[in-house]
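Remarks on the overall topology
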Amino acid sequence: MAEDCIFCKIANGELGTELVYEDDLVVAFKDMNPQAPVHVLVVPKRHYENIIDDVPAEVLKAMADAVKVIAEKEGIAESGFRVIMNTGDAAGQTVHHLHMHVLGGRDLGEGLV
Ligand code: 5GP
Ligand code: ZN
């Protein structure tokens, strides 16, 4: 666990954040500042800075599996949704613990951002 990392604390259950998904490797919870009707963050329990921090294949697979379960549970699997991983300063990554944003429940448009 990285010191003073908010997502390590959430994944550890220290903040009492309500989880929408949990397995051995991953947790997911609602973003506190939602950008869409469905805005869930998928977060590995172990601390990695971002997607280029030598993330093990099993962790990436667990994150993908979590996205599927969440999309089905939240009713956006059929309509479609967007997955975003902000990486580094230019992307505006503010929490330096690997996470996927899962956004859906509205028309997100055709662009990437
Ligand atoms: P980033 O810009 O790093 O990709 O996004 C970090 C996201 O984490 C932001 O959308 C922000 O709203 C969310 N976030 C930051 N701290 C917390 C928190 O303590 N609880 C929850 N639920 N979301 C958080
Ligand atoms: Zn962390």
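Residues numbered from 1 in each chain as written. Chains lettered and ligands numbered in written order. Predicted model: local features only at pLDDT ≥ 70, side-chain atom pairs only at ≥ 80, totals over all residues. Heavy atoms only, no water.

**Re a nonpolar patch on the surface**
Note the following rule: Residues forming no salt bridge and having over 30% relative accessible area are the ones grouped into patches, like charges within 9 Å of each other and nonpolar side chains (Val, Leu, Ile, Met, Phe, Trp, Tyr) within 5 Å. Here the Shrake-Rupley method, with its probe set to 1.4 Å, supplies the accessible areas, and only the displayed protein chains count as covering residues. Salt bridge, as used here, is a side-chain nitrogen of Lys or Arg placed within 4 Å of a carboxyl oxygen of Asp or Glu. The way it works is that DSSP assigns letters per residue, a run of H or I at least four long becomes a helix, a run of E at least two long becomes a strand, and they are numbered from the N terminus.
Taken together, the side chains of I51, I52 and L60 define a hydrophobic patch exposed on the protein surface, amounting to about 260 Å² of accessible area. With respect to the secondary-structure elements, I52 resides in the loop between β3 (38-44) and α2 (57-74).

**Some points on the coordination of the zinc ion (ligand 2)**
Note the threshold: For Na, K and Ca the donor cutoff is 3.2 Å, while for all other metals N, O and S atoms must lie within 2.8 Å; water is not among the atoms, so some sites may look incomplete. Irregular is the label for any site that misses the other tests, which are tetrahedral for four donors with all angles between 85 and 135 degrees, and square planar for four donors or octahedral for six when opposite donors exceed 155 degrees and the remaining angles lie between 65 and 115. Each residue's exposure class comes from its accessible area (1.4 Å probe, protein chains only) as a fraction of the maximum for that residue type: buried when under 20%, exposed when over 50%, partly exposed otherwise.
Listed as protein donors to the zinc ion (ligand 2) are C5 (SG), C8 (SG), H47 (ND1) and H97 (ND1); their distances from the metal cover 2.0 to 2.3 Å. Metal-centred angles of 104 to 116° between the 4 donor atoms at the zinc ion (ligand 2) mark the site as tetrahedral. Here the donor residues for the zinc ion (ligand 2) map to a single chain with the spacing C-x2-C-x38-H-x49-H. Taken together, the positions of C5 in the segment before α1 (6-11) and H47 in the loop between β3 and α2 put the pair 42 residues apart, joining distant regions of the chain. Looking at H47, the relative accessible area reads 27%, which means it is partly exposed.

**Considerations on the pairing of strand β2 (residues 26-30)**
Heads up, the rule is: A pair of strands is considered paired only if DSSP assigns at least 2 bridges between the two.
β2 sits mainly inside the fold: 4 of its 5 residues count as buried. Pairing analysis gives 3 bridges linking strand β1 (residues 19-22) to β2, with the strands arranged antiparallel. For Y21, the partnering residue across the bridge sits in β2 and is A28. The turn joining β1 and β2, which pair antiparallel and follow one another in sequence, is formed by 3 residues.

**What to know about the site of ligand 1**
Put simply, the rule reads: In these notes, residues near a molecule or strand are those with any non-hydrogen atom within 4 Å of it. Contacts described as polar in this section are N or O atom pairs within 3.5 Å, which, within protein, must combine one atom able to donate a hydrogen with one able to accept it, while residues neighboring in sequence count only if both atoms come from side chains. Classification convention: Asp, Glu, Lys, Arg as charged; Ala, Val, Leu, Ile, Met, Phe, Trp, Tyr, Cys, Pro as nonpolar; all other residues, Gly among them, as polar.
K30, D31, T94, H99 and H101 are the nearest of the 16 residues found near ligand 1. Within the side chain of D31, one N or O atom sits 2.5 Å away from an oxygen atom of ligand 1. In this structure, N86 approaches ligand 1 through a side-chain N or O atom, which is 2.9 Å from an oxygen atom. Calculation on ligand 1 without its partners gives an accessible area of 520 Å², and the protein chains cover 83% of this total. It is α1 that provides the largest number of residues to the shell around ligand 1, a total of 3 residues. A breakdown of the residues in the shell around ligand 1 according to their chemical character gives 7 nonpolar, 7 polar and 2 charged.

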